[in-house]
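Take a look at the letters that make up each chain.
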Amino acid sequence: MKKFLFVFMAVFALAALGQKNPVQISALLDRIGGEGTSSRIETRVKNSLSNEGKDVFEISSRKGKPYIQGSSLSALTAGIGWYLNHYAHVNLSWNQLTTDLSAVTLPVPKEKERRECSADYRYYLNYCTYSYSMAFWTKERWEQEIDWMALHGINLPLALVGTDVVWKNMLTEMGYSRIDVDKFVAGPGFQAWWLMNNLEGWGGPNPDWWYERQEQLCQFILGRMREFGMDPVLPGYSGILPSNATEKMGVKVIDQGYWCSGFRRPSFLLPTDERYAEIAQLYYKHLAQVMGKSKYYSMDPFHEGGRTNGINLKVAFNTIYQEMQKHSSGAVWVMQSWGDNPRQEALDTLEKGGLLVLDLYSEGLAKWVEKKGYSGHDFVWCMLHNFGGKTGMHGRFDTMLTGYYNALEQYPNGTKGIGAIPEGLETSPILYDLLFELPWMKREECKDWMQRYTEARYGAKSEAMEKGWDVLAKSVLNCPQPMQDVEAVICARPALNVMRVSGWGTTKIYHDICKVREAAALMLKEKHRFKDNLNYEYDITDVVRQTLTDSTYYLLKDIATSHKNKDMDAFKKQYAVFLEILSDLNRLLSQVEPFKLETWTQSARNVCNEVQGTTEEDRDWMEWNARTLVSVWGPEQCAERGRLHDYSSRQWGGMLNDFYRARWEMFFKALEEGKNITSPEWFKWEDQWSRSKTITNVSKESPISVAEELFNKYFKQ
């Protein structure tokens with residue numbers, strides 16, 4: 001049945017080529033714009049549009065309607081996205097993935113516009129995204145995201161849902177008990193790091209209903225991706241086995257030690273082991289049964305500190321590659337450029353065309369420069385915009401406008417695409433809209449991109465919004481150093497001198513905070529004009545949130561000075577303001593769904609509604625996974641010595657009050673009393689919060705009104 005489904009989807013996609021209004025395109029239009037949208041736009045896949053294999057779309061008119069043609073399904077859907085943004089001025093993003101187009105006039109172009117794509121690959125997603133953002137997505141949310149991918153022309157998405165089913169089935173056939181499987185496969189919130197060979201079992205054990213649901217969801221996701229002409233990148237076999245593989249199977253492995261001071265890593269099976277080929281093909285057999293086949297497989301052996309002692313790396317990389325080829329002849333190995341990967345042994349061993357390197361952090365630390373174009377292998381210029389799903393405005397706007405084109409000019413034969421590799425989604429949608437339009441533009445078109453974007457974003461031209469976004473693009477969205485996102489001090493475990501929130505971050509602000517206030521003031525001028533615009537509602541909330549968060553960085557320094565000088569009156573007044581800002585932020589962010597803790601936790605609980613037979617205990621387990629990931633992350637040793645606590649710091653309504661503000665209030669009271677709260681005490685309190693299920697309610701108000709009120713309260717002169 002599964003094999004038939006994959007064959008059917010392939011035939012379905014092929015049948016759409018050359019077809020007017022392909023059925024999957026009509027369904028897409030009706031989902032994103034409401035029933036009847038497909039009757040108002042005419043579309044067609046026309047292969048002959050392509051020039052030398054490059055994707056092309058054309059936007060024109062036919063029979064009084066917009067007429068969009070694409071050389072492939074992916075080019076066609078990218079053309080639809082371009083039309084919506086630049087003709088209809090409708091911008092769909094994570095805060096608004098669907099809209100009602102029934103009352104919107106769909107302009108009929110007077111002249112034909114033709115766009116050719118310079119990127120063969122438009123790649124999407126990071127392993128981490130599957131945990132920090134997608135771990136608790138329902139089928140409905142996945143459907144919306146795949147529609148978003150299609151509208152952005154993405155044709156090479158990483159596909160990981162269902163890998164846990166593959167491993168459960170494989171290990172069961174190899175004689176592992178269910179208890180042993182549970183010790184290996186991670187729980188819903190932590191599968192990204194299990195799949196990257198960093199840990200085993202944490203967050204589990206997973207019940208039967210979870211695996212049933214994952215397999216069903218996997219079939220849906222992959223079916224829809226293939227329906228739109230995307231090539232999903234599937235998880236290939238990189239040589240990992242459970243850490244007890246020698247004991248259970250008698251095979252030769254290299255112990256990979258521990259990750260983040262306490263998580264046991266899976267072992268690495270020596271490529272010279274006589275059972276390597278057998279085990280690799282057993283994995284691929286079960287992968288094909290659950291997920292089908294692909295031309296692209298993702299594998300990252302020795303990720304983030306894996307041990308290579310005693311391993312002939314050239315033999316290892318060649319063996320991994322050849323086993324992939326046995327399973328899918330002509331397949332391409334997709335490897336992340338991160339840490340030591342791709343090692344030179346891989347670049348020297350693997351054949352050209354058989355490896356696609358994801359230059360993960362091109363906009364921050366371009367390794368394609370250091371690696372000299374990866375020795376002639378194909379690579380993708382990527383934006384790693386967000387670490388851990390942190391809330392906060394951050395970006396490298398100037399580099400984005402030039403970096404991809406620079407790579408394309410320097411390595412025209414090797415720069416094969418563009419990609420978004422965020423650890424977390426649903427922040428700063430402007431950067432993703434820019435990124436995926438870059439390969440459809442010429443470099444010189446970038447100079448007035450912001451004007452076109454703001455008109456698309458809000459549905460009308462606005463000088464104030466253009467100026468506001470221009471200010472942001474030159475300040476908070478233009479980080480000059482290769483640093484992770486700036487972390488908000490309010491999210492830190494309390495101290496008077498907060499240098500960082502997570503073990504790898506920084507709280508040092510690189511931008512002029514007055515510029516963000518200037519942008520907020522400009523954008524608030526349009527509060528009446530765009531009061532019913534969901535994009536404006538989200539953006540003004542985010543910008544005002546940023547201004548308030550920025551102010552706490554400097555306020556905390558004043559608090560520390562007052563405490564050092566033993567000026568307790570000033571200390572108390574200042575920390576009272578600090579706590580008040582947290583309360584106000586909590587009130588503001590509780591008005592917008594993407595900024596609410598409840599949106600995250602309820603989604604985790606709602607996963608259980610997709611399968612029959614789940615219990616309240618199952619819902620509590622899902623919520624524990626969700627809360628743990630954004631707070632302590634792991635057990636005490638990993639949270640403390642491994643520095644994982646607060647890595648995914650989220651400025652969310654509900655969490656700001658019940659978690660962050662509560663911690664700071666305890667801290668300030670302890671200072672008043674001359675007491676010290678130790679790390680074990682903090683962890684105990686945080687761990688208890690992760691096991692709770694309550695969120696303090698906030699009255700519903702207009703987020704625009706609250707944003708204006710708070711901006712005037714703190715910043716109006």
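In what follows, the structure referred to is the one given above.
In this report, the structure presented in the accompanying data block is examined. (Residues numbered from 1 in each chain as written. Predicted model: local features only at pLDDT ≥ 70, side-chain atom pairs only at ≥ 80, totals over all residues. Heavy atoms only, no water.)

Examining the overall build of the chain
Within the chain, the secondary structure is distributed over 27 helices and 17 strands. With the C-alpha coordinates of the chain rotated into their principal frame, the extents come out at 75 × 70 × 55 Å. Per-residue burial for the chain yields a buried fraction of 64% across its 717 residues. Within the chain, contacts between residues separated by at least 24 positions form 75% of all contacts whose residues are at least 6 apart in sequence. Summed over its atoms, the accessible surface of the chain is roughly 26,600 Å², and 48% of this surface lies on carbon and sulfur atoms. Side-chain charges in the chain split into 84 positive and 90 negative, and the spacing between the mean points of these groups amounts to 2 Å. (Helix = DSSP H or I, 4+ residues; strand = E, 2+ residues; numbered from the N terminus. Buried < 20%, exposed > 50% of the residue type's maximum accessible area, 1.4 Å probe, protein only. Contact = heavy atoms within 4.5 Å. Areas by Shrake-Rupley, 256 points an atom, 1.4 Å probe, with all protein chains shown as cover. Lys, Arg positive; Asp, Glu negative; His and termini not counted. Charge placed at Lys NZ, Arg CZ, Asp CG, Glu CD.)

What to know about helix H11 (residues 276–291)
Residue pairs spaced three or four apart in an α-helix point in one direction, given the helix's 3.6 residues per turn. Across its 16 residues, H11 extends 22 Å between first and last C-alpha, which sits within 8% of the 22 Å expected from 1.5 Å per residue. Three or more residues of H11 are buried, namely Tyr-276, Ile-279, Ala-280, Leu-282, Tyr-283, Tyr-284, His-286, Leu-287, Val-290 and Met-291. Directly beyond the C-terminal end of H11, a positive phi value near 80° is found at Gly-292. (Expected span 1.5 Å × (residues − 1).)

Observations regarding unusual backbone geometry
Here the bond from Gly-204 into Pro-205 is cis, since omega is 0°, no more than 30 degrees from zero. Its location among the elements puts Pro-205 in the loop between helix H8 (191–195) and helix H9 (208–227). Along the chain, Asn-341 connects to Pro-342 via a cis peptide bond; the corresponding omega equals -5°. Along the chain, Pro-342 turns up in the loop between strand E14 (332–337) and helix H13 (344–349). You will see that Lys-63, though not glycine, has its phi angle at about 55°, which is positive. In this fold, Lys-63 is placed in the loop between strand E2 (56–62) and strand E3 (65–70).

Describing the sheet that holds strand E4 (residues 113–116)
Here we have four strands laid out as an open sheet, ordered E1-E3-E2-E4, and mixed in their pairing. The open sheet is flanked by strand E1 (42–45) and E4, the only strands paired with a single partner. Mean inter-strand twist for the sheet, computed between neighbouring axes without regard to direction, equals 15°. Looking at chain direction, E1 and E3 are connected through four bridges and run parallel. Within E3, the residue paired with Glu-42 across the bridge is Tyr-67. (Pairing = 2+ DSSP bridges. Axes fitted to C-alpha atoms, helices over the stretch in contact; angles between N-to-C directions.)

As for the pairing of strand E5 (residues 121–124)
Residues Tyr-121 and Tyr-123 line one face of E5 and the alternating positions Arg-122 and Tyr-124 line the opposite face, and both faces are buried. Where E5 meets strand E6 (residues 156–157), two bridges bridge the pair, whose relative direction is parallel. Looking at the pairing, Tyr-123 lines up with Leu-156 of E6.

Describing the pattern of salt bridges
Per the counting criterion, the structure on display carries 54 salt bridges. The closest approach of N and O atoms between Glu-623 and Arg-627, which form a salt bridge, is 2.8 Å. Taken as a pair, Glu-623 and Arg-627 lie in helix H23 (residues 616–629) at a separation of four residues, close to a single helical turn. For Glu-623, a relative accessible area of 3% translates into the label buried. (Salt bridge = Lys/Arg side-chain N within 4 Å of Asp/Glu carboxyl O.)

Description of the packing of helix H16 (residues 429–437) against helix H17 (residues 449–458)
The interhelical angle for the contact between H16 and H17, taken along N-to-C directions, is 120°, at an axis separation of 12 Å. Relative to H17, the element H16 is oriented oblique. Considering the relative orientation of H16 and H17, their crossing is right-handed. Contacts between H16 and H17 involve Pro-429, Ile-430, Asp-433, Leu-434 and Glu-437 on the former and, on the latter, Trp-449, Met-450, Tyr-453 and Arg-457. Across the contact of H16 with H17, the residue classes tally to six nonpolar, no polar and three charged. (Parallel < 35°, antiparallel > 145°, perpendicular 65-115°, else oblique. Left-handed = near helix turned anticlockwise from the far one by under 90°. Nonpolar A, V, L, I, M, F, W, Y, C, P; charged D, E, K, R; others polar.)

Comments concerning the packing of aromatic side chains
Inspection of the entire model under this criterion finds 67 aromatic pairs. Taken together through their ring pairs, the aromatic side chains of Tyr-132, Phe-190, Trp-193, Trp-202, Trp-259, Phe-263, Trp-504, Trp-624, Trp-633 and Tyr-647 make up a single cluster. Over the ring of Tyr-67 we find Arg-62; its NZ or CZ atom is 5.6 Å from the centre of that ring. The aromatic ring of Trp-689 is capped on one face by Arg-627, whose charged end is 4.7 Å from the ring centroid. (Phe/Tyr/Trp six-rings, centres within 6.5 Å; stacked < 30°, edge-to-face > 60°. Lys NZ or Arg CZ within 6 Å of the ring centre and 35° of its normal.)

A few points about the side chain of Glu-113
Within the secondary structure, Glu-113 is located in strand E4. Residue Glu-113 is classed as buried on the basis of its relative accessible area of 15%. At a separation of 3.3 Å, a polar atom in the side chain of Glu-113 contacts the side chain of Trp-82. A polar side-chain atom of Glu-113 sits 2.9 Å from a polar atom in the side chain of Arg-115. Residues contacting Glu-113, with those up to four places away along its chain left out, are Phe-57, Glu-58, Ile-59, Trp-82 and Tyr-87. (Polar contact = N/O pair within 3.5 Å; in protein donor to acceptor, adjacent residues only side chain to side chain.)

Remarks on the sheet that holds strand E12 (residues 267–269)
Read across the sheet, three strands follow the order E8-E12-E9 without closing on themselves; strand pairing throughout is antiparallel. Each having just a single partner strand, strand E8 (240–241) and strand E9 (253–254) make up the two edges of the open sheet. As defined by bridge partners, E8 adjoins E12 across two bridges and the pair is classed as antiparallel. The partner of Ile-240 across the bridge, within E12, is Phe-268.

Digging into the state of the cysteines
For the structure shown, the criterion picks out zero disulfides. The thiol of Cys-117 is unpaired, and the distance to the nearest cysteine sulfur, on Cys-446, comes to 13 Å. With no disulfide of its own, Cys-218 lies 19 Å from the sulfur of Cys-608, the closest cysteine sulfur. (Disulfide = S-S within 2.5 Å.)

A word on H17
Within H17, eight of the 10 residues are buried, which leaves it mostly tucked inside the rest of the structure. Among the residues making up H17, those that are buried are Trp-449, Met-450, Tyr-453, Thr-454, Glu-455, Ala-456, Arg-457 and Tyr-458. Considering only its buried residues, H17 is in contact with helix H3 (73–86), helix H15 (397–410), H16, helix H18 (463–473), helix H19 (513–524) and helix H20 (534–564). Phi turns positive, to about 85°, at Gly-459, one or two residues after H17.

As for the nonpolar core
Here is a general trend for soluble globular proteins: nonpolar side chains tend to be buried in one another's company. Ranked by internal contacts, the top residues of the largest apolar core, which has 247 residues, are Trp-193 and Trp-633. Here this core gets 10 residues from one element, more than from any other, and that element is H20. Contacts of Trp-633, omitting those with residues within four sequence positions, involve Tyr-132, Phe-190, Trp-193, Leu-199, Trp-202, Trp-259, Phe-263, Thr-628, Leu-644 and Tyr-647. (Core = buried A, V, L, I, M, F, W, Y, C linked by side-chain atoms within 4.5 Å.)

With respect to the side chain of Asn-586
Position of Asn-586 relative to the elements: it lies in helix H21 (residues 568–589). On the accessibility criterion, Asn-586 (5% relative accessible area) is buried. If we skip the residues at most four places from it in the chain, Asn-586 touches Trp-652, Gly-653, Gly-654, Met-655, Leu-656, Asn-657 and Val-698.

Thoughts on the environment of Ala-316
You can see Ala-316 is positioned in helix H12 (residues 313–327). Relative accessible area serves as the criterion here: at 1%, Ala-316 is assigned to the buried category. Each C-alpha atom, one on Ala-316 and one on Arg-643, is 32 Å from the other, the two residues being 327 residues apart in sequence. What Ala-316 contacts, discounting residues up to four positions off in sequence, is Phe-268, Pro-271 and Ile-311.

Things to note about the environment of Pro-22
Relative to the elements of secondary structure, Pro-22 occurs in the loop between helix H1 (2–16) and helix H2 (23–33). Accessibility expressed as a relative area gives 0% for Pro-22, which makes it buried. For the pair Pro-22 and Arg-224, spaced 202 residues apart in sequence, the C-alpha separation works out to 14 Å.

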